[in-house]
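Now for the letters of each chain:
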Amino acid sequence: MTELGQRLKDARNDKGLSLEEIQSITKIQKRYLHAIEEGNYELLPGNFYTRAFIKNYAEAVGLHGDELLEEYASEIPKANADVPESLPPRKMRRPSTPSKSSSVSSKWSSVFPSVLVVLLIVGVAALIWYVVQSGDQKTNQNATTNQAEEQVTSDENSGSAPDSDEVSNEGDASSEATTSEEEAKSKEDEKAEEEKAAEEEEPEEEEAPKMEIKKVKSDTDNSTFEITNADKFEVKLEASGSSWVALTGASDKKYVYESLAKGKNVTQDLSKESSATLRLGSSPSIEVFVNGEKIDIPKEPVVQNVTFTFEKAE
């Protein structure tokens, strides 16, 4: 047994874990785990997988995999030069913030159709009112003329025709009364239209933007999620099986760094962090929630790295 194998075995025994349990956590076959403890690296499926298996085994028992590989570099077979151990993360470009001028233009574009509809309604209402008023006035004038003609006919039949001045005075009085009524009605209609137009022109309050969690990157074992329009940044982990978990903030603070047993739940508030990284030893055994919303994380391969970027709502 090599010194590295003895150290891994001691760490496993300290945590009270069997090779079967390590197999369940890392999804590495038991015979490979036993070969690592005995130092029989020739039984493993290649140098690259040897280093990857040792790293996953170390992290499952609470050791730092990268540091262990560096410490025992002379003992562990070197990986092939053309097979990288991990893919370098790509730099993300933050979405540009829209300028104030474009924001004002967007608001005016949303309000302009409403103003145009209101003006169109007012114009149609004014046209209808004008047609109705013109018809009423013409009807009143015809009625007045018919009354005068009937009066003249009646007077002629009775043998005493009315004086022309009397007929003229009656017509003038009737016309003045009709005009006063029309003016009063016109003012009332105009006032009602103005009040209606004022109510319709009141701008509607804009709804506050809703929280959005968007996946901006997804590789085989690396995912990145962007959280925007949120007042808080809260991560909840629910274990349906055993898995080693590491949750670290942008400030390098380790919020969770342990092996979670089945049925254990952990909730951490990372609102003070601009970003956080999550490493899962067995992704099928852990469900991840951000601000109460479940995050879709690949189940294969079982070791997954997840990055969160957090932009607090203004």
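Considering the overall build of the chain
Tallying secondary structure elements over the chain gives 7 helices and 10 strands in all. The proportion of buried residues among the 314 residues of the chain is 30%. Taking all contacts inside the chain whose residues are at least 6 apart in sequence as the whole, residues at least 24 apart take part in 65%. Roughly 20300 Å² of accessible area belongs to the chain as shown, and the carbon and sulfur atoms make up 49% of that amount.

Let's talk about helix 2 (residues 19–26)
Looking only at helix 2, the buried set comprises Leu19, Ile22, Ile25 and Thr26. Viewed along the axis of helix 2, the buried residues span an arc of 115 degrees, placing them on a single side of the element. Taken together, the buried residues of helix 2 touch helix 1 (3–14), helix 3 (30–38), helix 4 (47–60), strand 4 (243–249) and strand 5 (254–260). Remark: Lys27 follows helix 2 within two positions and exhibits a positive phi of approximately 65 degrees.

Observations regarding the side chain of Asn291
In this structure, Asn291 sits in the loop between strand 8 (286–290) and strand 9 (293–294). Polar side-chain contacts of Asn291 include one of 2.8 Å to the backbone oxygen of Lys232.

Here we look at the sheet that holds strand 7 (residues 275–280)
For sheets, the rule is that strands pair by backbone hydrogen bonds, running either parallel or antiparallel. Here 6 strands make up an open sheet; going across it, the order is 1-2-10-7-4-5 and the pairing mixed. Edge positions in the sheet fall to strand 1 (212–218) and strand 5, since each has one partner strand and no second. The sheet shows a mean angle of 15 degrees between the axes of neighbouring strands, taken without regard to direction. As judged from the 6 bridges shared by strand 4 and strand 5, these two strands associate in the antiparallel manner. Residue pairing in the sheet places Ser243 in a bridge with Leu260 of strand 5.

Observations regarding the environment of Glu20
Structurally, the position occupied by Glu20 is in helix 2. Since its relative accessible area comes to 41%, Glu20 is described here as partly exposed. For the pair Glu20 and Lys30, spaced 10 residues apart in sequence, the C-alpha to C-alpha distance is 6.4 Å.

A closer look at the nonpolar core
One finds Phe233, Leu278, Val288 and Phe308 to be the most contacted residues of the largest nonpolar core, which totals 26 residues. Apart from the residues within four sequence positions on either side, Val288 is in contact with Val235, Lys236, Leu237, Leu278, Leu280, Glu293, Lys294, Ile295, Ile297 and Phe308.

Points about the pairing of strand 2 (residues 222–230)
A large share of strand 2 lies buried, amounting to 8 of its 9 residues. As paired elements, strand 1 and strand 2 share 6 bridges and run antiparallel to each other. Bridge pairing in strand 2 places Glu212 opposite Thr228. The turn linking strand 1 back onto strand 2 is made up of 3 residues.

Brief notes about the packing of aromatic side chains
Evaluation of the coordinates by the stated rule reveals 7 aromatic pairs. Judged by centre distance (5.3 Å) and plane angle (75 degrees), the ring pair of Phe48 and Tyr49 falls under edge-to-face. Through a chain of ring-to-ring contacts, three or more aromatic side chains come together here, namely Tyr32, Phe48, Tyr49 and Phe53. The ring of Tyr257 carries Lys254 above its face, with NZ or CZ at 5.4 Å from the centroid.

Re the side chain of Thr50
Within the fold, Thr50 resides in helix 4. In this structure, Thr50 is in contact with Tyr41, Leu44, Ile76 and Pro77, ignoring residues within four places of it in sequence.

Notes on the pairing of strand 8
For strand 8, the tally of buried residues reaches 4 of 5 residues, placing the bulk of the element in the interior. Taken together, the 5 bridges between strand 3 (residues 234–239) and strand 8 define a ladder with antiparallel strand orientation. The residue of strand 8 that forms the bridge with Lys236 is Phe289. Here strand 8 folds back onto strand 9, and the loop between the two strands holds 2 residues, one of which, Asn291, carries a positive phi near 50 degrees.

A short note on unusual backbone geometry
Looking along the chain, the bond that leaves Glu300 and enters Pro301 is cis, with omega of -10 degrees. Here Pro301 shows up in the loop between strand 9 and strand 10 (304–312). Phi is positive for Asn229, close to 55 degrees, though the residue is something other than glycine. Its place among the elements puts Asn229 in strand 2.

Quick notes on the rules
Every residue gets a number counted from 1 within its own chain, in the order that chain's sequence is written. A pLDDT threshold of at least 70 governs which residues receive local features in this predicted model, and a stricter bar of 80 or more applies before side-chain atom pairs are shown or counted, although totals over entire chains, interfaces and linings include all residues. To get the side-chain values, take all heavy atoms of the structure and skip hydrogens and water. Helical segments are the DSSP runs of H or I of at least four residues, strand segments are the runs of E of at least two, and each set is numbered from the N terminus. Here's how the labels work: a residue is buried when its accessible area is under 20% of the maximum for its type, exposed when over 50%, partly exposed in between, all with a 1.4 Å probe on protein chains only. Contacts are residue-level and defined by heavy atoms, with any inter-residue pair within 4.5 Å sufficient. Accessible areas in this description were obtained via Shrake-Rupley with a 1.4 Å probe; residue shielding takes into account the shown protein chains only. The directions considered for the arc run from the helix axis to the C-beta atoms. By the criterion applied in these results, polar contacts are pairs of N or O atoms within 3.5 Å in which, for protein atoms, one can donate a hydrogen and the other can accept it, and in which residues neighboring in sequence qualify only through two side-chain atoms. One requirement defines pairing of two strands: DSSP has to find at least two bridges between them. What counts as an axis is a line fitted to C-alpha atoms, over the stretch in contact for a helix, and the angles between N-to-C directions run from 0 to 180 degrees. Side-chain atoms within 4.5 Å are what join buried Ala, Val, Leu, Ile, Met, Phe, Trp, Tyr and Cys residues into a set we call a nonpolar core. Stacked, tilted and edge-to-face are the three classes assigned to paired rings of Phe, Tyr and Trp, where Trp is represented by its six-membered ring and a pair needs centres within 6.5 Å; plane angles under 30 degrees give stacked, over 60 edge-to-face, the rest tilted. The rule is short: NZ of Lys or CZ of Arg within 6 Å of the ring centre and within 35 degrees of the ring normal puts a charge over the ring.

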